[in-house]
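# Fold and geometry: a report
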Amino acid sequence: RHGAVKNEDTFKTSPFHFDLWFYFTLQNWVLDFGRPIAMIILPLEWFPLNKPSAGDYFHMAYNVITPFLLLKLIERSPKTLPRSMVYVSIIMFVMGASIHLVGDSVNHRLIFSGYQHHLSVRENPIIKNLKPETLIDSFELLYYYDEYLGHSMWYIPFFLILFIYFTGCFTPVEEESRMPVAALLLMGPSSLYYWYLVTEGQIFILYIFTFFAMMALVMHQKRKGLVLDSNGLFLFYSFIITLVLIAVWVVWLWNDKILRKKYPGVIYIPEPWAFYTLHMNNLHAAKE
């Protein structure tokens, strides 16, 4: 039952979920994008370096609220979706986000000690002089859990759930393939957040494959006479604007030699926090 599509579901439609998309956008900006900012601007005396920072508590709230919102989004789909896959994805999402919480907490606290995100672990002045040298391996392991394993277990289920939801966002009624004003207002902040997610998380491959899968599904359903409803259009157009923002970001930093060194290879997409520590990080020097 959970994995099947019921016949009566095929032509059901769903109104634009302004409340859910608004909550998504708000908590993404506050609890995800805002957590490192909160860690930096709040007085260090309130959150000592050997204790969780304000950003860590933001991250904990994100790890609870986001899975709940994803489940609510799936529940509102006019199509019966594969629940088992959704539940497994939610479990992996929570595990990955929790792993990331620990690694990201330590990595961001290292900024106060002079850690520079635009450099690799071994090239950082505060790391390469550690004794014994095996401690550097431990920091590289921490970086691996943060940037690779944590990100993979966090973002792959996240985009998978969005795509699963997207598969149910089709309708045969042309009049329902339009977005309300509320959707247009949310599209900018939503797209900008996805830009941050893709660039900071270094998940362009995952994002672009998800986007291509969406495009293929849209073309496939169009042959059947089905078009995207307002929720599907909102998600699809947000991904398109995100791609434009990523292209602008890459072009802007194309000739940055230092960032080029950290992000070699064909796909060159610098992280915003690496850009911050390289070009805008005067705050920590003043605090010292």
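What you see is a predicted model, and the numbers here were worked out from it, not measured in a lab.

### Some details on the layout of surface pockets
By rolling a water-sized probe across the atoms, one finds the places where empty space is left. One number sums up the size of the largest pocket: a volume of about 650 Å³. In terms of lining, the largest pocket is formed by 28 residues, of which the most central are Y143, Y148, Q202, Y263 and E271. By residue class, the composition of the lining of the largest pocket is 16 nonpolar, 6 polar and 6 charged.

### Notes on the nonpolar core
Membership of the largest hydrophobic core comes to 67 residues, with the highest contact counts inside it found for W21, L235 and F239. When contributions to this core are tallied by element, the ones reaching two or more residues are α1 (18–41), α2 (54–75), α3 (83–109), α5 (134–166), α6 (181–201), α7 (204–223), α8 (230–252) and α10 (272–280). Residues within four places of F239 in sequence aside, it is in contact with F159, L162, Y194, Y207, T210, F211 and M214. L110, Y115, I127 and I136 belong to the second largest nonpolar core, which has 6 residues in total.

### Overview of the packing of α5 against α8
Interaxial distance between α5 and α8 falls to 10 Å at its minimum, and their mutual angle equals 135 degrees. What the angle tells us is that α5 and α8 run oblique. Mapping the contact onto sequence places F159, L162, Y165 and F166 in α5 and N231, G232, L235, F236 and F239 in α8. Among the residues making up the contact of α5 with α8, the classes are represented as 7 nonpolar, 2 polar and no charged.

### Things to note about the UniProt feature "transmembrane region" (unreviewed entry) in the protein
Taken from the UniProt record, the annotation "transmembrane region" (unreviewed entry) applies to residues 20–42, 57–74, 86–103, 154–173, 203–220 and 232–254. Structurally, residues 57–74 comprises 100% helix and 0% strand, and the distance from its first C-alpha atom to its last is 26 Å. Secondary structure within residues 203–220 divides into 94% helix and 0% strand; the distance between the first and last C-alpha atoms comes to 26 Å.

### What to know about empty space enclosed by the protein
Taken as a whole and assessed by the stated rule, the structure comprises 4 cavities of 30 Å³ or more. If you add up the space inside the largest cavity, you get close to 150 Å³. What lines the largest cavity is a set of 18 residues, among which H100, D104, H108, E147 and E200 lie closest to the centre. Considering every element that reaches the lining of the largest cavity, the biggest residue donor is α5, with 6 residues. Split by residue class, the lining of the largest cavity holds 5 nonpolar, 5 polar and 8 charged.

### A closer look at the confidence of the model for the protein
Across the protein, pLDDT averages 86, with 92% of residues at or above 70. Across residues 282–288 the pLDDT falls below 50, and counting only partners more than four positions away or on other chains, this stretch makes 12 contacts in the model.

### Quick notes on α8
The first and last C-alpha atoms of α8 sit 33 Å apart over 23 residues, in line with the 33 Å expected at 1.5 Å per residue. Where α8 begins, the capping side chain belongs to D229, and its oxygen is found 3.2 Å from the backbone nitrogen of N231.

### Observations regarding the pattern of salt bridges
According to the stated counting rule, one finds 7 salt bridges in the structure shown. One salt bridge connects E140 with R122, and the closest N-O pair in it is separated by 3.0 Å. In this pair, E140 is assigned in helix α5 and R122 in the loop between α3 and α4 (125–128), connecting sequence segments 18 residues apart. Residue E140 is classed as partly exposed on the basis of its relative accessible area of 30%. Under the relative-accessibility criterion, R122 is labelled partly exposed at 39%. Linking K261 and E123 is a salt bridge whose minimum nitrogen-to-oxygen distance equals 3.7 Å. Separated by 138 residues along the polypeptide, K261 in helix α9 (residues 257–262) and E123 in the loop between α3 and α4 bring together distant segments of the chain. Classification of K261 as exposed rests on a relative accessible area of 61%. Here the salt bridges share partners, and the residues they tie into one network are D32, R35 and D104.

### Concerning the side chain of T167
Along the chain, the position of T167 falls in the loop between α5 and β1 (170–171). Under the relative-accessibility criterion, T167 is labelled buried at 18%. When neighbours within four sequence positions are excluded, T167 is seen to be in contact with K79, L81 and L217.

### A word on the environment of F33
Relative to the assigned elements, F33 resides in helix α1. For F33, a relative accessible area of 27% translates into the label partly exposed. In the structure, F33 is positioned 23 residues away from D56 in sequence and 12 Å away in space, judged by C-alpha atoms. Ignoring anything within four residues of it in the chain, the contact list for F33 reads N28 and Y196.

Rules of the game
Residues numbered from 1 in each chain as written. Predicted model: local features only at pLDDT ≥ 70, side-chain atom pairs only at ≥ 80, totals over all residues. Heavy atoms only, no water. 1 Å grid on protein atoms, 1.4 Å probe; cavity = no way out; pocket = protein on both sides within 12 Å on 5 of 7 lines; lining within 4 Å. Points joined across faces, edges and corners; volume = space filled by probe spheres on them. Nonpolar A, V, L, I, M, F, W, Y, C, P; charged D, E, K, R; others polar. Core = buried A, V, L, I, M, F, W, Y, C linked by side-chain atoms within 4.5 Å. Buried < 20%, exposed > 50% of the residue type's maximum accessible area, 1.4 Å probe, protein only. Helix = DSSP H or I, 4+ residues; strand = E, 2+ residues; numbered from the N terminus. Contact = heavy atoms within 4.5 Å. Axes fitted to C-alpha atoms, helices over the stretch in contact; angles between N-to-C directions. Parallel < 35°, antiparallel > 145°, perpendicular 65-115°, else oblique. UniProt positions renumbered as here; feature names shortened; annotations may be inferred. pLDDT = per-residue confidence, 0-100. Expected span 1.5 Å × (residues − 1). Polar contact = N/O pair within 3.5 Å; in protein donor to acceptor, adjacent residues only side chain to side chain. Salt bridge = Lys/Arg side-chain N within 4 Å of Asp/Glu carboxyl O.

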